[in-house]
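# Analysis of the macromolecular model
This is what each chain is made of:
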Amino acid sequence: MSELQTSTSGVTFRSLLAGALIAFCIGLGAPYGNMVLRGSYMALDFSTAGAIFLFFVFIFFVHTFLGLLHPRLAFHRQELAVVYIMGIVGCAIPTMGLTEYLLPIISGAVYYASPENEWNELIHPYIRTWLIPQDYEAVKYFYEGAPRNYALPWTVWLKPLVAWVPLVLSIYFSMICISVVLRKQWIERERLAFPLVQVPMAMIEDGDRPSIIKPFFKSTLMWIGFALPFIVGSLRALHNYYNFIPDVNLQTSIPLFRNTTALQIVLSFPMLGFSYFVNLEIAFAIWFFNLLARVQEGIFGILGIASTQKLYYAGSFPVLAHQGMGAMLVLAIFGLWTAKPHLKDVWRKAIKNDPSVDDSDEMLSYRTAVLGLLISNMFVCGWLWLAGMAWWVLPIYLTSMYLLFIAVTRVVAEGGIAAARAPLIASDFVTSGLGNTVLGPNTLTALGFTFVWAADIRTFVLASCANGLKLADDTLGRHKRSLFGAIALSILISMGTSIVTVLYLSYEYGGINLNGWFFGPTGGPVYPFNFISKHLNDPQGPNVIGWISTLSGGTVMGLLMLARQHFLWWPLHPLGFAVSTISMTNYISFSVFLAWLIKSLILRYGGPTLFQRARPFFLGLILGQFAVAGFWLIVDFFTGMTDNNIYWV
C-alpha cells in the first residue's frame, strides 16, 4: 500500500495503536468505574461517553503535543477518524453491551439457585453444561470474593467462554454486515442526521489555515457551552466530598392523573446538545408523543386497565410495551421496504457481481457482507439449536431480534436519542405472541440465555458501526476497506480486556459488593431464570391483548408513515411515536423540548447563519458533560471516593 493510500484510508500503525489503547482503556476502565468506584457510567448508552472523553483527551493533549514537537508527527484527520471509530465500537461491549451481563448471567444460574425458586429442578436439567461454569465454589467466590492466595480459576471459565465468545463474535459480525448493507441507504439516499457523531466530526475538522490546535478548540462559544455542564457536574461531585457544597438537582417530576403516571422533568446537557442537530419535526414529535403516552398511561390508570403479564426491560404498562413493539417493527420493515431499490442493487452485486453497482466505497464488498450475514446467522442458528431452541422458533426469534436492532439503530441515527432501548425484548415477543405452552422447557431456557446480548440493549455494535460509518463517509470517503480490520481489532481488545477485568474484580472484591444491578439478587443475573421459571410454572397460550396492542401500534405507525410520505404539511414525524412508550423517553423529553424550542427560535429570527454560529455552544454542552464525568472518575480513583455518579445521559 502506498503512503498516499495509507494516509487516505486513515488505517495506519499509529492510528491502530491509538485506537487499540482507547479500546483497552474502555474495556478496563468502564467496568472498574461502575464496579469499584461506582461512579458515572461511561459505556452505558449510545452516547458512548467513554469514547468521547478519551478521544477528547487524546486529540486535545496527545495530538496537540505531537504537533508541537513537529507538525509531521500530528495525526491526520483520517487517522483521527479511525481512532474514534475504534473507540465507539469498543464502548459498545464492556457494560450493557455484553460483558457485565454475560459473566454474571451464566454464573447466576448456579449461584442464585435455591430450594425456594426451584431452579435446580425446573431449569438446570435443560441447561447445556457447556453454557455455564460447573464449579460452585468458583462461582461462589466470583460473587462473594475469593479468599487470600486463591488463584483465579481460569479453567472453570474457559469452557463456557469458548462456547460463548464465537456466538457473540458471529452476532457482531452480522451487525457489521448489516451496517454495510444499509450504509448507502441511510447516509447517501435518506441523509439521516447522525447527531451522535457531530462532536467528533467537529473535533477533527481542519481550518482554512494549517494549525496544530484544531479550530473546534479555538471557539469561545464552545468553551462557554463546555463550562456549563463541567461546572454543574463538578459541584455535584464536590458535594459528595464536602456536604457544605450544595448539590445541583437537575431532575423533578410532575404527577399526573391521580399519581397514576408522572411527567419527568430532567435537564440533560448531552441530550440538549444532541437534539439541537435533530430535524425540528422529529424533535417536536419526540416530546409531543411522550406527552400523549403519559396521558394514555393516566387514562389506563384511572380506568383500572391493567395487565398481569410480566415483561422484562419494559415499562410498567404491558399494553403500551406491545404497542411500542408494533411501532418499532413497522419502523424497521417500512424502512427496509423503502430501501428496496438499494437492497436489490446490493443483492445483484453480491450474487451476480453486477458491474453497474459500485461497492468500492464500502467497508466490505456487498458479496462479503451478504454472505457474511448468511453464514454468521447459520452459525447463530446452530448454536441456539444446540442450546435447546426449537428449529421452527429460530427464524421467528432472530427476525424479531434483528428488526429491533435495526429500528433502534435508526432511532439513534435519525433522532439522536442517546438513551433508549427496545420497548419489548425479542424473548418476550416470542413467548407472548406464540404462548409458552408450544415452546417447551428447552426453548424457554435457550430464550432466557439470549438475555446476555438481546435484552437490555442500551448500546450495541450495530449502532456504533452505523455512527462510525457516517464519520468514515465524511473523512475516509471511498477508502473504507481497511476499516474493518480496525473495528475487528477494537472488538477483540474491548471484549478480552473487559472479560479479564470483570473476572479479576469480582474475585478480588466480590461481585455482589460492587454493583447491585449486574450482580445482585434482583438484577440482571436473575432476570433470565425468573423469565424461564415463570413461563414453566404458568402455562399460557398466545396473549390476545398483546397481539391487539402490537397490531394497533403497528397500524398507527403505518398510518403516520404514510401520512408523512403523502402530505408535505403533515407535522407529526412517526419516529416520535415509535419511542413514546419507552420509559427512558420520558427522561429525555424535556431536554428535547428545550432544544426544539431554542432551535425554532434561532431559525425563525436568525436563520441558518445563526444556527451555524450557535453550533459550537451545543457541541460544548455534550463534550463538557462527558469530560467532567471522566475527569471526576480519575479524581475518584486517586482519592478512593465511591458512589460519585454525576450524570445521566
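Residues numbered from 1 in each chain as written. Predicted model: local features only at pLDDT ≥ 70, side-chain atom pairs only at ≥ 80, totals over all residues. Heavy atoms only, no water.

## A word on the overall build of the chain
A tally of helices and strands in the chain yields 27 helices and two strands. The C-alpha radius of gyration computed for the chain amounts to 24 Å, which stays within 12% of the reference 26 Å derived for 649 residues, consistent with globular compactness. Its C-alpha atoms give the chain principal-axis dimensions of about 70 × 70 × 65 Å. Relative to its 649 residues, the chain shows a buried fraction of 59%. Put simply, 82% of the contacts in the chain that link residues at least 6 apart link residues at least 24 apart. Of the roughly 25,500 Å² of accessible surface on the chain, a fraction of 65% belongs to carbon and sulfur atoms. Of the side-chain charges in the chain, 38 are positive and 33 negative, and the distance between the mean point of each set is 8 Å. (Helix = DSSP H or I, 4+ residues; strand = E, 2+ residues; numbered from the N terminus. Rg over C-alpha atoms; globule rule 2.2 N^0.38 Å. Buried < 20%, exposed > 50% of the residue type's maximum accessible area, 1.4 Å probe, protein only. Contact = heavy atoms within 4.5 Å. Areas by Shrake-Rupley, 256 points an atom, 1.4 Å probe, with all protein chains shown as cover. Lys, Arg positive; Asp, Glu negative; His and termini not counted. Charge placed at Lys NZ, Arg CZ, Asp CG, Glu CD.)

## Examining the environment of Ala321
By secondary structure assignment, the location of Ala321 is in helix H13 (residues 318-338). By relative accessible area, Ala321 is classed as buried at 3%. If sequence neighbours within four positions are ignored, Ala321 has contacts with Leu311, Ala314, Pro423 and Leu424.

## Let's talk about helix H11 (residues 269-276)
With eight of eight residues buried, H11 is to be regarded as a mostly interior element. Contacts made by the buried residues of H11 are with helix H10 (220-241), helix H26 (585-605) and helix H27 (607-639).

## A few points about the pairing of strand S2 (residues 261-266)
Summarising burial for S2: five of the six residues are buried, a large majority. In this structure, strand S1 (residues 251-256) lies alongside S2, joined through six bridges in antiparallel fashion. The partner of Ile254 across the bridge, within S2, is Leu263. Between the end of S1 and the start of S2, which pair antiparallel, lie four residues, with Phe257 showing a positive phi angle near 50°. (Pairing = 2+ DSSP bridges.)

## As for unusual backbone geometry
You will see that Asn149, though not glycine, has its phi angle at about 70°, which is positive. On the secondary structure map, Asn149 appears in the loop between helix H7 (136-144) and helix H8 (154-189). With a relative accessible area of 77%, Asn149 lands in the exposed category. The phi angle at Phe257 is positive, at roughly 50°, despite the residue not being glycine. Along the chain, Phe257 falls in the loop between S1 and S2.

## As for the nonpolar core
Among the nonpolar cores identified, the biggest contains 216 residues, and Trp164, Met328, Tyr397, Trp453 and Leu483 are the most heavily contacted of them. Among the elements that take part in this core, H8 stands out by supplying 17 residues, more than any other. Once you skip the residues sitting within four places of it in the chain, Trp453 turns out to touch Trp164, Leu167, Ile171, Leu384, Tyr397, Met401 and Phe405. (Core = buried A, V, L, I, M, F, W, Y, C linked by side-chain atoms within 4.5 Å.)

## Quick notes on the packing of aromatic side chains
If you walk through the whole model with that rule in mind, you get 62 aromatic pairs. Measuring from ring centre to ring centre gives 5.1 Å for Phe58 and Phe75, while their planes differ by 85°; the resulting arrangement is edge-to-face. Placement of Phe58 in helix H3 (residues 49-69) and of Phe75 in the loop between H3 and helix H4 (77-90) is noted, with a sequence separation of 17 residues between them. For the pair shown, Phe58 and Phe75 are each scored as buried. A cation sits over an aromatic face here: Arg14 above Phe75, 4.5 Å from the ring centre. (Phe/Tyr/Trp six-rings, centres within 6.5 Å; stacked < 30°, edge-to-face > 60°. Lys NZ or Arg CZ within 6 Å of the ring centre and 35° of its normal.)

## Section: the environment of Val156
Within the secondary structure layout, Val156 lies in helix H8. For Val156, a relative accessible area of 16% puts it in the buried group. Expressed as a C-alpha distance, the spacing of Val156 and Glu116, which sit 40 residues apart in the sequence, is 27 Å.

## Points about the pattern of salt bridges
One pass over the full model with this rule turns up 22 salt bridges. Between Asp359 and Arg481 there is a salt bridge, with its nearest N and O atoms 3.9 Å apart. With Asp359 in the loop between helix H14 (340-352) and helix H15 (366-387) and Arg481 in the loop between helix H20 (461-475) and helix H21 (483-509), this pair connects stretches of sequence that are 122 residues apart. Judged by its relative accessible area of 39%, Arg481 falls in the partly exposed class. Salt bridges sharing partners connect three or more residues here, namely Arg183, Lys184, Glu188, Asp361, Glu362, Asp473 and Lys480. (Salt bridge = Lys/Arg side-chain N within 4 Å of Asp/Glu carboxyl O.)

## Things to note about a nonpolar patch on the surface
A surface patch of nonpolar side chains, amounting to about 480 Å² of accessible area, comprises Phe257, Val295, Ile299, Ile302, Leu303 and Ile305. Locating Ile302 in the fold gives a position in helix H12 (residues 280-303). Classification of Ile302 as partly exposed rests on a relative accessible area of 37%. (Patch = residues over 30% accessible without salt bridge, like charges linked within 9 Å, V, L, I, M, F, W, Y side chains within 5 Å.)

## Describing the confidence of the model for the chain
Looking at the chain, the pLDDT average stands at 94 and 99% of residues meet or exceed 70. Of the regions scoring below 50 in pLDDT, residues 1-6 engages in four contacts with residues more than four places distant in sequence or in other chains. (pLDDT = per-residue confidence, 0-100.)

## Side note on the packing of H13 against H14
Interhelical geometry of H13 versus H14 gives an angle of 65° and a closest axis separation of 5 Å. With respect to H14, the axis of H13 lies roughly perpendicular. Listed contacts from H14 to Leu336, Trp337 and Thr338 of H13 are Lys340, Pro341 and Leu343. A breakdown of the residues in the contact of H13 with H14 according to their chemical character gives four nonpolar, one polar and one charged. (Axes fitted to C-alpha atoms, helices over the stretch in contact; angles between N-to-C directions. Parallel < 35°, antiparallel > 145°, perpendicular 65-115°, else oblique. Nonpolar A, V, L, I, M, F, W, Y, C, P; charged D, E, K, R; others polar.)

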